[in-house]
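Structure assessment
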Amino acid sequence: MSTRPRRTLYEWVNRLGIMSWSLLGTALFLGVLIWLFIQVANLLPAIVFSFVIIFVLNPVVSQLKVWGIPRILGSCLSYLVLAGLLTLAGFLVWPSISDQAGELGDRFPEIYNDFAIDLENISADLGFEVDVPDYEELQDRFDEAAADGGFISDNLSRIGDLTLTILEFILLLVFAPVIAFYVLLDLPKVKEQARSLVPERHRSEASFVMSKISTAVGGFLRGQLVVAFIVGVMSSFGFWLIDLPFWLIIGMIAGFLNIIPFVGPWVGGALGVTVGLTESDATTAIWAAVVAIIVQQIDNHFISPNVLRATVRLHPATIIFALLVGGTIGGIWGVLLAVPVTAIIKIVVGHYWRTRVLDQSWDEVSEALIDTNPTGETLIMRLRRINQGQPAVLPGRERPPPREPPPGGDEPSD
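Residues numbered from 1 in each chain as written. Predicted model: local features only at pLDDT ≥ 70, side-chain atom pairs only at ≥ 80, totals over all residues. Heavy atoms only, no water.

1. A closer look at helix α9 (residues 264-279)
The first and last C-alpha atoms of α9 sit 22 Å apart over 16 residues, in line with the 22 Å expected at 1.5 Å per residue. Among all positions of α9, only G264, P265, G268, G269, G272, V275, G276, T278 and E279 are buried. Looking at the buried side of α9, the elements it contacts are α3 (71-125), α7 (200-241), α8 (247-257) and α10 (282-307). (Helix = DSSP H or I, 4+ residues; strand = E, 2+ residues; numbered from the N terminus. Expected span 1.5 Å × (residues − 1). Buried < 20%, exposed > 50% of the residue type's maximum accessible area, 1.4 Å probe, protein only. Contact = heavy atoms within 4.5 Å.)

This is the structure:
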């Protein structure tokens, strides 16, 4: 029988007060970070891109280090291989993209007019009228706006915004890989220096939490890039099979947006159906929807479970809310960062709550927060095992048997 003493009311109130002030301090710290991110918003793309490069290439560099290759040489080799793969992909895909983009530009007025007519017809069938201007009317309105005196000043501001965007893109392409390269070289030393900044009594726990964050976030980023590439290839191939116009561009958009959960398949399917209706017929549009659904199901049941081996358990509603908040705060970059940041917050806050309030061990906390799937088991496989009366836990995740009390006495207190 356990002899753990019960906490008094004072101890519970004291613990609740410490926890409240800690949460308040964490909220203020996050608020300061968000404010800093807003102030340096122009540098945020380069910072994010640098972290992505580090998370993607660090496992490769570390494995090369295990094989006896110095870290500086491994970093150079990983950069050369990555640059070679991107260059090869560009040479293979760019001609088709260029041709389809040129065709899309030439046929855009016709596509827009067909879409406007279809939208008006659908609205009329639903019982209300929608007046959508055709392409020529849009051009006339643009010409009228050009004759206005404020047109020049408006476009000067747009030119300034465009120039700033170009500078951000150059900063992203030039400085982000350079920053990532130097961090890769000294990453073990950087980790050790960061660990030394933590008080010694909390150093082991901080290292444990950071390892879980690195596992979950790094696995998510690397996995989402792989999943996005596979989904883009499958979507493009499927749209090519049904002879959908602009199949490569639509497939690449679906793959790229698949980095954001719940967005890629829906956008790719919607674009495929729209192009099918405006450029071909209803049959092609239906087949485009079928392709998008098939790709989504293959991704959900086969690709993602085998690629995303360690993910933080986030409810779909939480993910959607995080995407909305991220988009409101940081635009497209906020949307891209929403899920990883939410995962980090859940790991940190969940660890603190479960260890300080629920008195759980570190391993119990990580098991409750992070879903590790080493065998690539899908939801269907889990349900099948449960129906067969087998344990609903994954291999390697079984809980240890309860401790037996020592002979001749009660179980020692924790």
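2. As for the packing of aromatic side chains
Inspection of every chain in the model, using the stated rule, returns four aromatic pairs. Aromatic pair Y79 and F181: ring centres 5.4 Å apart, planes at 85°, arrangement edge-to-face. Note that Y79 is positioned in helix α3 and F181 in helix α5 (residues 150-185), a separation of 102 residues in sequence. You'll find Y79 and F181 in the same group, each marked buried. Here the aromatic cluster, defined as three or more aromatic residues joined through ring pairs, consists of Y79, F181 and Y182. (Phe/Tyr/Trp six-rings, centres within 6.5 Å; stacked < 30°, edge-to-face > 60°.)

3. Topic: the confidence of the model for the protein chain
With 77% of its residues at a pLDDT of at least 70, the protein chain reaches an overall mean of 75. For the stretch residues 375-380, pLDDT sits under 50, and the model shows 13 contacts to residues farther than four places along the chain or on other chains. (pLDDT = per-residue confidence, 0-100.)

4. Quick notes on a negative patch on the surface
On the surface, E129, D131, E136, E137 and D140 cluster together into a negatively charged patch. Mapped onto the fold, E136 is located in helix α4 (residues 135-147). With relative accessibility at 41%, the residue E136 sits in the partly exposed group. (Patch = residues over 30% accessible without salt bridge, like charges linked within 9 Å, V, L, I, M, F, W, Y side chains within 5 Å. Areas by Shrake-Rupley, 256 points an atom, 1.4 Å probe, with all protein chains shown as cover. Salt bridge = Lys/Arg side-chain N within 4 Å of Asp/Glu carboxyl O. Lys, Arg positive; Asp, Glu negative; His and termini not counted. Charge placed at Lys NZ, Arg CZ, Asp CG, Glu CD.)

5. Looking at a nonpolar patch on the surface
Where nonpolar side chains cluster on the molecular surface, the patch consists of L23, F29, L30, V32, L33, W35, L36, V341, I344, I345, V348 and V349 and spans about 930 Å² of accessible area. Of all the secondary structure elements, the ones that give two or more residues to the nonpolar patch are α1 (9-39) and α11 (316-356). Sort the elements by how many residues they give to the nonpolar patch and α1 lands first, with seven residues. Along the chain, L30 turns up in helix α1.

6. Notes on α3
End to end, α3 covers just 66 Å across 55 residues, shorter than the expected 81 Å (1.5 Å per residue, more than 12% under). The largest bend along α3 reaches roughly 60° and is located at R107, with the proline P109 sitting one to four residues downstream. Where α3 is concerned, the buried positions are R71, G74, S75, S78, Y79, I97, Q100, I111, Y112, N113, A116 and S123. Where α3 terminates, the next one or two residues include G127, which has phi positive at roughly 100°. (Bend = angle between axes of the 7 residues up to and from the residue.)

7. Structural notes on the nonpolar core
In this structure, V312, L323, V339, I347 and I370 are the most contacted members of the largest nonpolar core, which totals 20 residues. If you tally residues by element for this core, the top one is α11, at eight residues. Discounting residues that sit within four places of it in the chain, I347 has contacts with V209, K212, I213, A216, V312, L369 and I370. Among the nonpolar cores identified, the runner-up in size contains 13 residues, and V227, I250, A288 and V291 belong to it. (Core = buried A, V, L, I, M, F, W, Y, C linked by side-chain atoms within 4.5 Å.)

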